[in-house]
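Residues per chain, in single letters:
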Amino acid sequence: MHLTAEEEKIYDGEQGWAYQTALKILVKLGDLFNAEKLIPIESSHVSGVSYKTLADAPIEFLEALAQTGAKAKIASTVNPSGLDYEGIMWSFLPRHVKEKQEKIVDLYKKMGIKPVLTCTPYYVSKPKQGSHLAWAESSAVVYANSVLGSWTNREGGPSALASALIGKTPNYGLHKSENRKPNVRIRVETELKSEAEYGALGIFLGKNLVDKTPVIEGLRYPRETDLKQLGAALASSGMTSVFYPCRRCPKKAEKLEKLAVDEQSLKKAFEDLSTCSGEPDMVFVGCPHCSLNEVRHVARLVQGRKVKENVRFWVCTSRHVKAKAAWHVQKIEAAGGKVVSDLCAVVTWLRELGVDTLMTSSAKTAFYAPTMNKVDVRFATLKQCVETACHR
Ligand code: F3S
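The following paragraphs examine the structure supplied in this document. Note that the structure is predicted; figures quoted are calculated from it, not measured.

**Digging into the site of the ligand**
Next up, step 1: The ligand sits among Pro 80, Cys 119, Glu 137, Ser 139, Gly 286, Cys 287, Pro 288, Cys 344, Val 346 and Lys 364.
Next up, step 2: Of all the cavities here, the one that holds the ligand is the largest pocket.
Next up, step 3: If you tally residues by element for the shell around the ligand, the top one is strand β11 (residues 282-290), at three residues.
Next up, step 4: Taken together, the residues of the shell around the ligand break down into six nonpolar, two polar and two charged.
Next up, step 5: Here the shell around the ligand spans two domains, and each of domain 1 (5-177) and domain 3 (282-389) adds at least three residues to it.

What follows is the structure, encoded as C-alpha cells:
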C-alpha cells in the first residue's frame, strides 16, 4: 500500500507508539484487501465498549494507547456500554463490573472519543451524503450506506479505533463505487405492515444472500424505522452492508439474479425468531436505539395504560435523543416503562436482572438474545409488545 511521507513517519514511530500501532493496523488491513492507499474519513464509530462482550483482555491495550496521550483526529463516537449511568443495573452486578465498565468508557474519553454510547450515532450527528466513514456497528454501517448515502466498510472495533486516531481508512470494499453495485434482485411479493416484518425480511435475506448486495423491490412506502429494522437484521444474519430499497426495479437491475420473497417465507422467518410463547419478564424496544419519532410513537401507544407490575418495559435510546424527547419520556415513565440510555438489552447482563423471557419488536435482538443472553425470546410487532407489557 502506498503511504504518503507523513504516513511513513507515523509508521516509523515519529509520533509515538499509539499512532504507529494504529497506522500499522490500518496498513495490515489495507494490504489484506489490496487497498492502494489510505483515504481521509469524516468520522469513526467504535464498537467494543460493553464489558460484558469485551471482557478483560482488550482493557490493557486501550490503557496502553490512552496513556500515551494519543487523541482521535476526527469526530469519533462509541457504541452502547453494558451499564446505564442512571444506575438501573448497578445493584444487580458486582462492584468490579461497574468499575471495569467505567474504566473502558473513561479510556475512550481520554482518547478524545465522544461517549455517546449509542448504536445510532447518526441521530447525534448525521454524516454527509457521500462522506467516507469508518464505522464499526453493523446496524449503523448498513444504515449509513443504504439510507444516508455515506460510504463505510463494516469495521471491527480495533480498526475503527485505529481510524479514529489516524483520521483515515484503507481505500477498499464499500469505499469504491464498483463494489457498491447491486448484484442480486429481490422481489418482495407480500405487503409488509410493521417494522417487525421488515426485520423478519432482513433476517431472511441475510441468511440467503450472505454478502451479496441486493436491490429490494416491492417495498411500498417504507418509513425510516422500517429500513433501519431491515438493515440491522440483514447485517445480523449475513454480511451484507448495503441495500437499495425501491418500489419498482430500476432498468439496470432487471438482468440480475432474482430471489422472490413470498408471504409464506416471510411468515416463517417471523415465526422462527421466537423461541417461546410464554409471558415475558421484559419487553424491550429500541434495537437499534430509538429515534425521537420512535420514542414519540411508543409514548402514544402507552398513553393512558399501565405497565404490568411483573414486567420491565424498556425503551432504549441515546442520551442525546432522550434529552430531546423529555415530554415523551415522561409519558412512558408515567405508564411504568423506563427509557434507558447508554446500553441495550443485548449488551447488558439480562440474566442477572432476572430476565428469562424477553419480548421484542427488534429482529436483531430476537436473533442474538437466545445465544448472547441465554434467554427465551418472543418476537412481535411493537403494538403487540405494548399490549403484552401493559394491563388491558
Ligand atoms: Fe444497538 Fe444493542 Fe441492537 S447495540 S443495534 S441496541 S444489539
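**Comments concerning the packing of helix α6 (residues 138-148) against helix α9 (residues 224-237)**
Next up, step 1: Where α6 contacts α9, the two axes come as close as 8 Å, and the packing angle between them is 125°. Classified by the angle between their axes, α6 and α9 sit oblique to one another. Two packed elements cross with a definite hand, and for α6 against α9 that hand is right-handed. Residues Ser 138, Ser 139, Val 142, Tyr 143 and Val 147 of α6 touch α9, and the partners they reach there are Glu 224, Leu 227, Lys 228, Gly 231, Ala 232 and Ala 235.
Next up, step 2: Classifying every residue of the contact of α6 with α9 by side-chain character gives six nonpolar, three polar and two charged.

**Topic: the packing of aromatic side chains**
Next up, step 1: By the definition in use, this model includes six aromatic pairs.
Next up, step 2: Both rings, one in Trp 17 and one in Phe 61, keep their centres 6.4 Å apart while their planes meet at 80°; by these two values the pair is edge-to-face. Of this pair, Trp 17 sits in helix α2 (residues 17-32) while Phe 61 sits in helix α4 (residues 57-66), placing them 44 residues apart in sequence.
Next up, step 3: The class for Trp 17 is partly exposed, based on a relative accessible area of 40%.
Next up, step 4: Overall, the relative accessible area of 31% leaves Phe 61 in the partly exposed class.
Next up, step 5: Ring centres of Tyr 122 and Tyr 143 lie 4.0 Å apart, and the angle between their planes is 10°; this geometry places the pair in the stacked category.

**Quick notes on unusual backbone geometry**
Next up, step 1: For the bond from Cys 287 to Pro 288, the omega torsion is -15°, close enough to zero to count as cis.
Next up, step 2: In this structure, Pro 288 sits in strand β11.
Next up, step 3: Its identity as a non-glycine residue notwithstanding, Ala 55 has a phi of 60°, on the positive side.
Next up, step 4: Along the chain, Ala 55 falls in the loop between α3 (51-54) and α4.
Next up, step 5: Within the chain, Leu 117 stands out as a residue other than glycine whose phi angle is a positive 50°.

**Side note on empty space enclosed by the protein**
Where empty space is left can be seen by rolling a probe of water-molecule size over the atoms.
Next up, step 1: Under the definition given, this model contains two cavities of 30 Å³ or more.
Next up, step 2: Here the largest cavity defines a volume of roughly 40 Å³.
Next up, step 3: Around the largest cavity, the lining residues are Ala 18, Thr 21, Ala 22, Ile 25, Phe 61, Leu 65, Pro 158, Leu 161, Ala 162 and Leu 165.
Next up, step 4: Mapped by element, the contributors of at least two residues to the lining of the largest cavity are α2, α4 and α7 (157-166).

**Description of the layout of surface pockets**
Next up, step 1: Reported here for the largest pocket is a volume of approximately 480 Å³.
Next up, step 2: Lining the largest pocket we find 24 residues, and of these Asn 79, Glu 137, Val 347, Lys 364 and Met 372 sit closest to its centre.
Next up, step 3: Going through the elements one at a time, α3, α6, β11 and α14 (363-372) are the ones with two or more residues in the lining of the largest pocket.
Next up, step 4: When residues in the lining of the largest pocket are grouped by element, the largest group, four residues, is from α14.
Next up, step 5: Each of domain 1 (5-177) and domain 3 (282-389) contributes no fewer than three residues to the lining of the largest pocket.
Next up, step 6: The space that makes up the second largest pocket amounts to roughly 380 Å³.
Next up, step 7: Residue lining of the second largest pocket: 17 residues in total, with Asn 153, Arg 154, Tyr 172, Gly 173 and Leu 174 positioned closest to the centre.
Next up, step 8: For the lining of the second largest pocket, the residue count by class is six nonpolar, eight polar and three charged.
Next up, step 9: Each of domain 1 (5-177) and domain 2 (181-272) contributes no fewer than three residues to the lining of the second largest pocket.

About the criteria used
- Residues numbered from 1 in each chain as written.
- Predicted model: local features only at pLDDT ≥ 70, side-chain atom pairs only at ≥ 80, totals over all residues.
- Heavy atoms only, no water.
- Near = heavy atom within 4 Å.
- 1 Å grid on protein atoms, 1.4 Å probe; cavity = no way out; pocket = protein on both sides within 12 Å on 5 of 7 lines; lining within 4 Å.
- Sits in = over half its atoms within 2 Å of the grid points.
- Helix = DSSP H or I, 4+ residues; strand = E, 2+ residues; numbered from the N terminus.
- Nonpolar A, V, L, I, M, F, W, Y, C, P; charged D, E, K, R; others polar.
- Domains from an automatic or database assignment.
- Axes fitted to C-alpha atoms, helices over the stretch in contact; angles between N-to-C directions.
- Parallel < 35°, antiparallel > 145°, perpendicular 65-115°, else oblique.
- Left-handed = near helix turned anticlockwise from the far one by under 90°.
- Contact = heavy atoms within 4.5 Å.
- Phe/Tyr/Trp six-rings, centres within 6.5 Å; stacked < 30°, edge-to-face > 60°.
- Buried < 20%, exposed > 50% of the residue type's maximum accessible area, 1.4 Å probe, protein only.
- Points joined across faces, edges and corners; volume = space filled by probe spheres on them.

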